[in-house]
Amino acid sequence: MTTPLPPGRNRWMTNPSTLAAPLGVMIAVAYVSSVVTLPDGTGAAYVGVLLTVLVGFNIAADLFEQSRLRTVKGLGAGLIKPTPEALTAAAAEAAQAPDTTFFLALFAFMVGAVVVSGLWYFLASPPVIVAVRVGLVGSLVAPLTAMMANLLVLPRARQVLRELLDAGLPPESLAQVLPVRFELRRRLMLYSTVAVLTPMLMVADASLHRSTELLEVVKRQPDVVVARAVFEAQRAEGFGLLGALGAATLIMVVLCAWLTGSVLGDPLKRLGEETERLAQGRYQRGRLVMAEFETWAAATSMSAMETHLLDAVQGARDAARGIGEAAAELVTHGAQQEQGANEQSAALMATTATTEELARSAGQISANALRVSEIARGTLEAAQAGKTSADAFTGAMAEVRDGNQAIADSVVKLNKRVQQVGRIIEFIDGIADKSDLLALNAELEGHKAGAVGEGFGLVAAEMRRLAENVMTSTREIARLIDDIRDATNAAVMATEAGVKATESGAGLARKVSDSLGDIVQFANLSADAMQSISLATVQQQGGSDQLVAAMEDINRTTQKNVESARQMAVTQGELVEVSKELAQVVDTFGGRS
Amino acid sequence: MPRGLVEGVVLCRVGEARLAVPCGEVDAIAPLDGPAWDVGLAFGSAAGAVEGKALQCFGQLLRVDSVDVLTTPELTVLPVPSLLTGVADGALTGFVELLGALWPLVSAGHLLEHLRRRAEA
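Note that this is a predicted model, so its numbers are computed, not measured.

Turning next to the pattern of salt bridges. The tally for this structure, following the rule as stated, stands at 26 salt bridges over all chains. Between A:Glu183 and A:Arg186 there is a salt bridge, with the nearest N and O atoms lying 3.0 Å from each other. On the accessibility criterion, A:Glu183 (18% relative accessible area) is buried. For A:Arg464, the salt bridge goes to A:Glu468, with nearest N and O atoms at 3.3 Å. Residue A:Arg464 and its partner A:Glu468 are located together in helix α10 (residues 454-587), separated by 4 residues, close to a single helical turn. Here A:Glu468 falls in the partly exposed class, since its relative accessible area comes to 32%. Through salt bridges with shared partners, one network takes in A:Asp436, A:Glu443, A:Arg464, A:Glu468, B:Lys53 and B:Asp68.

Listed below in structure tokens is the structure:
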């Protein structure tokens, strides 16, 4: 979870520099007012020029500082999104802020002193030596002012960097922005030099100035006694002034030392706290103590070490968890293995019994296969005989079919003859009918002729009876012909049915023959297969005996495996306990990442 | 020929009816192969069979089922009872006894006339 950078951090960070400048001016003014005697009528000009330059340079310096903190300002105001790039840029600005403040204060104060001296000289026309001395005093205070500004801005810059870390700045980016510089000794030397040398120069300057003034007073007094008195008075006054200056110098040195120690010692204190935390095993990823120089190197190294330790602890935790899970699985699998081994043993025993039964069955199968082989041979011979009979039956059926066909042809011819006879009978019947009619007319004419035609009529009547007999006979013949036609038709249909039946029978006989041929082939194959089965079964019997022996060996081995599985389960249980202890030990380091 | 006798008749059967026609009124017996008067109509019987014979009388044909010629020299003609006088426009001229049965004797000419009138009515 990240915390946004608070607004206004840019100005909050550089506010101490704005306060340091007036403080330095106050020191300089106090010194000048104590040591330097300003000419009459030039004090107001001095103060006016001093205040004007102080305000103007302070505003200019502040604008310059703020221009170097644009990203910090934008992040605080929410105008810039807190991306890793923006946070890194803001960190770079915050990290450079103390040095920027130092050099800016140094430059501004020295230049400001020269400007004040020059402007005062041109406006109030003091003696040149006095104007130069005032400028030198201002320049003398510049390093001290810059050092104070630097030391006051430094803690706030660290605070802003910590807030940037909270806002999501990656620690490794911060390490890149703040390179390790081993300059602590040089910086301490600089601070010490400034803190000691500035008051020392001030005291030396004051002593030299008072001595010179005292010599001038004594030299201008002709009376020795008066000169001595004046000298003594001036010397007493000088002692007081020097005492005050010494006290002010001591206070200033102590304050600078305290400020330097506080600013530079704070990271060491925090490092100590972090070390204590590490010693207690309360690891936490992303912790980084803001510091400079060698302390920063130690802080980054400690952070990296903590990260590595956390990785190692995490790895150990994962390993412990993995070991625990693996051990648990081993226990489970061990139990399953034990159960499986028991089941395997039981199955092996059952398999052994089955194999023995199989061996016995193989012997019976072999004997049965031999019998079946003999039966198959008999079947083969019977099928071959059946095929021969079926072939003969097929030939007989073909002959029957041919005979039926011949009968059918004869019946058809007979039917045609009968039809011809019928037509002849119809012709005879027609003749008889006409003869009957002629006989009727002859008889009629005979009656008409009277006694003369009596004999003719008798003959005609006799002829008519003959004709009627003929007609009766022809009708009888026609009926017989119809009967014959019906009989021949029935015979034709019967012979045709007989032909179809014989063809169907012949087809069935062929199928029977083919089937018997297949039976012969299959019976042959069956006989061969039965022989092979018999041989294979004999071999199987031998193999089954060997398998029984092997199964007994496997059974013995399985019993040993069962015992091993039990022992392994015990060992795995112990391993689970060890893994739990390891996990507890790792958890004491805390700091989950 | 003396009254009450007839010499030679042609015996015809039409359906279940029978009749006798004097031989002298029959020109010939012909096969039934053309238009002919159906004698059965005169006796209230149904039309005769298609097959049959025809009596050729006065140039016209009378269709009957079967024909026979009786060779008896003379037959006694029984008179027509007064109740039946005028039947079929006077075609029934009497009855003759033949073959153990009584046959109506019919005049072929009157019969033809009767059939023509029926056809015209």
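Attention shifts here to the sheet that holds strand β6 (residues 53-57) of chain B. Residues and elements named next belong to chain B. Taken in spatial order, the 4 strands of this open sheet run β4-β6-β7-β5, and their pairing is mixed. Either end of the sheet is taken by a strand with one partner, and the two such strands are β4 (28-31) and β5 (37-38). Two strands pair when backbone bridges link them, and β5 and strand β7 (residues 60-64) are joined in this way by 2 bridges, in the parallel orientation. Looking across to β7, one finds that Asp-38 is bridged to Arg-63.

The next subject is the interface of chain B and chain A. Taken together, the contact between chain B and chain A spans 15 residues of the former and 11 residues of the latter. When the two sides are added together, the surface that chain B and chain A hide from each other amounts to roughly 1100 Å², 61% of it contributed by carbon and sulfur. Taken together, the links from chain B to chain A amount to 2 salt bridges. The salt bridge involving B:Asp68 is made with A:Arg464; its shortest N-O contact spans 2.3 Å. Our count for the contact surface shared by chain B and chain A stands at 6 residue pairs in polar contact (both at pLDDT 80 or more). Counting residues per element, the ones that place at least two in the side of chain B that touches chain A are β4 and β8 (66-70) of chain B. Tallied by class, residues from the side of chain B that touches chain A come to 10 nonpolar, 2 polar and 3 charged.

With domains assigned, chain A is organised as domain 1 (1-180) and domain 2 (365-552). One C-alpha centre belongs to domain 1 of chain A, the other to domain 2 of chain A, and the line joining them spans 139 Å.

Further remarks concern the packing of helix α5 (residues 128-166) of chain A against helix α7 (residues 184-220) of chain A. Residues and elements named next belong to chain A. For the pair α5 and α7, the least separation of the axes is 10 Å and the interaxial angle reads 155°. Here α5 lies roughly antiparallel to α7, going by the angle between them. With respect to the hand of their crossing, α5 and α7 are arranged in left-handed fashion. Within the contact between the two elements, α5 uses Arg-133, Leu-140, Val-141, Pro-143, Leu-144, Met-147, Asn-150 and Leu-151 and α7 uses Arg-187, Tyr-191, Val-194, Ala-195, Thr-198, Leu-201, Met-202, Asp-205 and His-209. In terms of residue class, the contact of α5 with α7 is made up of 11 nonpolar, 3 polar and 3 charged.

Residues and elements named next belong to chain B. Here Ala-108 shows up in helix α1 (residues 108-120). Look at Ala-108 and you get buried, because its relative accessible area is 1%. Distance in space between the C-alpha atoms of Ala-108 and Gly-86 is 15 Å, their sequence separation being 22 residues. Once residues within four sequence positions are removed from consideration, Ala-108 is found in contact with Val-21, Glu-25, Cys-57 and Phe-58.

Another aspect to go through is the packing of aromatic side chains. Within this structure, the stated rule accounts for 3 aromatic pairs over all chains. The aromatic ring of A:Trp12 is capped on one face by A:Arg9, whose charged end is 4.3 Å from the ring centroid. Between B:Arg18 and the ring centre of B:Trp103, over which it is positioned, the NZ or CZ distance is 5.7 Å.

What follows concerns a nonpolar patch on the surface. Residues and elements named next belong to chain A. There is a patch of nonpolar side chains on the surface, built from Tyr-121, Phe-122, Val-128, Val-132 and Leu-136 and spanning about 510 Å² of accessible area. Among the elements of the structure, α4 (84-124) and α5 are those that each provide at least two residues to the nonpolar patch. Here the element with the most residues in the nonpolar patch is α5; it accounts for 3 residues. For Val-128, the position within the fold is in helix α5.

With respect to the element layout, A:Glu183 can be found in the loop between α6 (171-177) and α7. With residues up to four places along the chain from it excluded, the contact list for A:Glu183 reads A:Phe293 and A:Glu294.

Residue and element names in this part refer to chain B. Positioned with a positive phi, Phe-58 is a non-glycine residue whose angle comes to about 50°. Examined against the element boundaries, Phe-58 turns out to sit in the loop between β6 and β7. In this structure, Ala-88 takes a positive phi of about 55° despite not being glycine. With respect to the helices and strands, the residue Ala-88 is situated in the loop between β9 (75-78) and β10 (92-98).

Conventions and cut-offs
- Residues numbered from 1 in each chain as written.
- Chains lettered and ligands numbered in written order.
- Predicted model: local features only at pLDDT ≥ 70, side-chain atom pairs only at ≥ 80, totals over all residues.
- Heavy atoms only, no water.
- Salt bridge = Lys/Arg side-chain N within 4 Å of Asp/Glu carboxyl O.
- Buried < 20%, exposed > 50% of the residue type's maximum accessible area, 1.4 Å probe, protein only.
- Helix = DSSP H or I, 4+ residues; strand = E, 2+ residues; numbered from the N terminus.
- Pairing = 2+ DSSP bridges.
- Contact = heavy atoms within 4.5 Å.
- Buried area = accessible area lost by both parts, 1.4 Å probe.
- Polar contact = N/O pair within 3.5 Å; in protein donor to acceptor, adjacent residues only side chain to side chain.
- Nonpolar A, V, L, I, M, F, W, Y, C, P; charged D, E, K, R; others polar.
- Domains from an automatic or database assignment.
- Axes fitted to C-alpha atoms, helices over the stretch in contact; angles between N-to-C directions.
- Parallel < 35°, antiparallel > 145°, perpendicular 65-115°, else oblique.
- Left-handed = near helix turned anticlockwise from the far one by under 90°.
- Phe/Tyr/Trp six-rings, centres within 6.5 Å; stacked < 30°, edge-to-face > 60°.
- Lys NZ or Arg CZ within 6 Å of the ring centre and 35° of its normal.
- Patch = residues over 30% accessible without salt bridge, like charges linked within 9 Å, V, L, I, M, F, W, Y side chains within 5 Å.
- Areas by Shrake-Rupley, 256 points an atom, 1.4 Å probe, with all protein chains shown as cover.

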